[in-house]
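For reference, the chains in residue letters:
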Amino acid sequence: MFDMMKMMSKFKEAQEKMKEIKNQLDTIKVESESGAGLVKVIVNGKKEVISIKIDKSITNEVEMVEDLTVAAVNKAMKEVEVKANEFIKEKTGNFMPNIPGFDIGNIFK
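One structure accompanies this document, and this report is about it. These numbers were taken from a predicted model, which means no experiment stands behind them.

## Details of the packing of helix α1 (residues 4-24) against helix α2 (residues 62-92)
At step 1: Packing of α1 against α2 leaves a shortest axis separation of 11 Å and a crossing angle of 145 degrees. Every pair of crossing elements has a handedness; the one defined by α1 and α2 is right-handed. The segment α1 lies against α2, with Lys17, Met18, Ile21 and Gln24 engaging Phe87, Ile88, Lys91 and Thr92.
At step 2: Residue composition of the contact of α1 with α2, grouped by class: four nonpolar, two polar and two charged.

Right, dumping it as structure tokens:
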């Protein structure tokens, strides 16, 4: 027999689990670089830029700094998205259905 209260309880449990996982995304950190290390960027699992380091040897070349910063940030964002999705899948296990084409990371956007 279909038990609506049991289903609602499971749904509430799923919401709490997903909220907990979302709160843990900031523990994921990815460092990326461009220009052979002239620009380094650290991004967390919530896709927030944590730090940007620019080598002093290029600080007078504004256009190069801009280009290398954009490249490093874009690379870090791609890498952290992969890591965050892996983290979410690991934490949810069989908790979330495996639906082909469904990106679980989009739940947190």
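## Thoughts on the environment of asparagine 74
At step 1: One can find asparagine 74 in helix α2.
At step 2: Using a relative accessible area of 42% as the deciding quantity, one classes asparagine 74 as partly exposed.
At step 3: Distance from asparagine 74 to glutamate 33, taken between C-alpha atoms, is 10.0 Å for residues 41 residues apart in sequence.

What counts and what doesn't
- Residues numbered from 1 in each chain as written.
- Predicted model: local features only at pLDDT ≥ 70, side-chain atom pairs only at ≥ 80, totals over all residues.
- Heavy atoms only, no water.
- Axes fitted to C-alpha atoms, helices over the stretch in contact; angles between N-to-C directions.
- Helix = DSSP H or I, 4+ residues; strand = E, 2+ residues; numbered from the N terminus.
- Left-handed = near helix turned anticlockwise from the far one by under 90°.
- Contact = heavy atoms within 4.5 Å.
- Nonpolar A, V, L, I, M, F, W, Y, C, P; charged D, E, K, R; others polar.
- Buried < 20%, exposed > 50% of the residue type's maximum accessible area, 1.4 Å probe, protein only.

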